[in-house]
Amino acid sequence: MRIKQILRGLLFYLGILGIIDTVLLLLFNGGVNLGTILPGAAGGLLLFSLLTKSFFQKLIPVGLTRPWFLKIRQCVISLVLIGLISFLVVEGAIIRDSRPDPVVEVNYLIILGAGLNGEQLSWTLWERMQKGLEFLERYPQVQVVLSGGQGPGEKISEAEGMRRFLLDHGISDERILKEDQSTSTMENFRFSKEILIRQPNFQNLERVAVITNDFHLFRSKMLAQRNGLNPVGIPSPTPWYIVPNVYLREYFAVVKSLIFDW
C-alpha cells in the first residue's frame, strides 16, 4: 500500500509539472505546437485519472462490468506498452543522430528553414544560420541551398530571409541557391534536389551537408535519403528549456514521416 501511495504521489506531481511546462512555454516561448501542448494535455489526463479513479470505482457496479473492464484494461495496457517501446526506439535514434557526422569534403550545403517573425529570423533559424555561416566561411568552395517557403506571419519566404542574412555577413550571392516553395521537411529535400540536379557539377548520390537542429537531424537525414541525397548532418543547438518538448514532438513527426513521407 505504501508503494502505491508513493507512486500515486509521483504521478500527481508529474502531471502538475506537465501542465506547468506547457503554461510557461506558451507564456514565454510564444509558439503553439504539438510539443508545447502535449505535456500539459498528458498532465491533465494523468491528474483526471488519479482524481476520478476512486469515484468511478464506486459509481460502476463491479459485478456487472468487471469482465469488460478487464478486457479494456488489457487492451489499453498492451497499446501503452507498444507505444512506450516505439517511443524508446525512435527517441534513441533521434538522440543518436543528434551528434555531428564526421567532416567530409562536400560541394553543397542545405540549410533548412525554421520560421520568420515578419522578416526577422526566428531564434531557431538564427542558430542554424550561424552554423551555416561558420561552415561557408571555412569552406569557400561550397555552394548553399537555402530551403524554406513562406508561411503564416511571414512577410517573405524563409529562403529569402536566410539569403539576406548571408549577404549581410559577406557571403557572395553567386554561392547561394534559393528554394522558396517548400512547406515541410519532405518538400525541403524534394525541391532542393530538383535545384541540385540542375547544377552542372552535381553528381547523383554525392555527399551533401545538411544543417538543422540537433533533434531534427535523424528525420532530416532519413528524408534526404528518400529523395536520393547522401546527407552529412551538422546540428545546430536547441535552447535547453524547450529540449523535452521538441524531442517529444519529434517522436510524432518521425512516426508520421515513416508512414506518409514517400
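One can find the structure itself at the top, above this paragraph.
A brief structural summary. For clarity, every value in this text was computed on a predicted model and none was experimentally measured. (Residues numbered from 1 in each chain as written. Predicted model: local features only at pLDDT ≥ 70, side-chain atom pairs only at ≥ 80, totals over all residues. Heavy atoms only, no water.)

## As for a nonpolar patch on the surface
- A contiguous nonpolar patch, built from Ile-77, Leu-81, Leu-84 and Leu-88 and spanning about 380 Å² of accessible area, is present on the exposed surface.
- Positionally, Leu-84 belongs in helix α3 (residues 62-96). (Patch = residues over 30% accessible without salt bridge, like charges linked within 9 Å, V, L, I, M, F, W, Y side chains within 5 Å. Areas by Shrake-Rupley, 256 points an atom, 1.4 Å probe, with all protein chains shown as cover. Salt bridge = Lys/Arg side-chain N within 4 Å of Asp/Glu carboxyl O. Helix = DSSP H or I, 4+ residues; strand = E, 2+ residues; numbered from the N terminus.)

## Quick look at the sheet that holds strand β5 (residues 176-179)
- If you walk across this open sheet you meet the 5 strands as β5-β4-β1-β6-β7, and the pairing is parallel. Each edge of the open sheet is held by one strand with a lone partner, namely β5 and β7 (230-236). Sheet twist, expressed as the average angle between the axes of neighbouring strands with direction ignored, equals 25°.
- Sheet analysis places strand β6 (residues 207-213) next to β7, joined by 7 bridges and oriented parallel. Bridge assignment links Ile-211 to a residue of β7, and that residue is Ile-234.
- Sitting on the sheet, helix α6 (residues 185-196) touches β1 (108-112), β4 (143-147), β5 and β6, and the angle it makes with β1 is about 150°.
- Relative to the sheet, helix α7 (residues 217-226) contacts β1, β6 and β7, its axis offset from that of β7 by approximately 160°. (Pairing = 2+ DSSP bridges. Axes fitted to C-alpha atoms, helices over the stretch in contact; angles between N-to-C directions. Contact = heavy atoms within 4.5 Å.)

## Observations regarding the packing of helix α4 (residues 123-138) against helix α5 (residues 158-168)
- As a packed pair, α4 and α5 sit with axes 11 Å apart at the nearest point and diverge in direction by 45°. Comparing their axes, α5 and α4 come out oblique. You can see that α4 and α5 cross each other, and the crossing is right-handed. Along its contact with α4, which presents Leu-125, Trp-126, Met-129, Gln-130, Leu-133 and Leu-136, the element α5 presents Met-162, Phe-165 and Leu-166.
- Among the residues making up the contact of α4 with α5, the classes are represented as 8 nonpolar, 1 polar and no charged. (Parallel < 35°, antiparallel > 145°, perpendicular 65-115°, else oblique. Left-handed = near helix turned anticlockwise from the far one by under 90°. Nonpolar A, V, L, I, M, F, W, Y, C, P; charged D, E, K, R; others polar.)

## Regarding the environment of Val-210
- Within the secondary structure, Val-210 is located in strand β6.
- Taking the C-alpha atoms as reference, Val-210 lies 4.8 Å from Ile-110; in sequence the two are 100 residues apart.

## So, the nonpolar core
- The biggest cluster of nonpolar side chains holds 23 residues, and the ones touching the most others in it are Leu-109, Ile-111, Met-129, Val-144, Leu-146 and Leu-166.
- Those elements giving two or more residues to this core turn out to be β1, α4, β4, α5 and β6.
- Excluding its chain neighbours within four sequence positions, the residues that come into contact with Met-129 are Ile-111, Leu-121, Leu-146, Met-162, Phe-165 and Leu-166.
- Counting 16 residues, the second-largest nonpolar core is a separate cluster that includes Val-145, Leu-196, Val-210 and Leu-229. (Core = buried A, V, L, I, M, F, W, Y, C linked by side-chain atoms within 4.5 Å. Buried < 20%, exposed > 50% of the residue type's maximum accessible area, 1.4 Å probe, protein only.)

## Observations concerning the pattern of salt bridges
- All told, the structure shown has 10 salt bridges when counted by the stated rule.
- Across the pair Lys-221 and Asp-101 runs a salt bridge whose closest N-O atoms are separated by 3.0 Å. Taken together, the positions of Lys-221 in helix α7 and Asp-101 in the loop between α3 and β1 put the pair 120 residues apart, joining distant regions of the chain.
- Here the salt bridges share partners, and the residues they tie into one network are Glu-119, Glu-160, Arg-163, Arg-164, Asp-173 and Lys-178.

## Re α6
- The end-to-end C-alpha distance of α6, which contains 12 residues, comes to 16 Å, matching closely the 16 Å that a straight helix rising 1.5 Å per residue would cover.
- In the core, the buried residues of α6 are packed alongside β1, β4, β5, β6 and α7. (Expected span 1.5 Å × (residues − 1).)

## Some points on the packing of α7 against helix α8 (residues 243-260)
- The interhelical angle for the contact between α7 and α8, taken along N-to-C directions, is 15°, at an axis separation of 10 Å. Our classification of the angle between α7 and α8 gives roughly parallel. Seen along the crossing, α7 lies across α8 with a hand that is left-handed. Each of Phe-218, Arg-219, Met-222, Leu-223 and Arg-226 in α7 lies in contact with α8, whose residues at this interface are Glu-250, Ala-253, Val-254, Ser-257 and Leu-258.
- Its residues assigned to classes, the contact of α7 with α8 shows 6 nonpolar, 1 polar and 3 charged.

## Remarks on the side chain of Ser-122
- Structurally, Ser-122 is set in the loop between β3 (120-121) and α4.
- What Ser-122 contacts, discounting residues up to four positions off in sequence, is Ala-114, Gly-115, Leu-116 and Asn-117.

## Considerations on the pairing of β6
- A large share of β6 lies buried, amounting to 6 of its 7 residues.
- Examined bridge by bridge, β1 and β6 share 3 bridges and lie parallel to one another. Of the residues in β6, the one forming a bridge with Ile-111 is Ile-211.
- Handedness of the β6-α7-β7 crossover: right-handed. (Right-handed = clockwise from strand over helix to strand, strands pointing away.)

Functional significance is not addressed by these values, which are geometric in nature.
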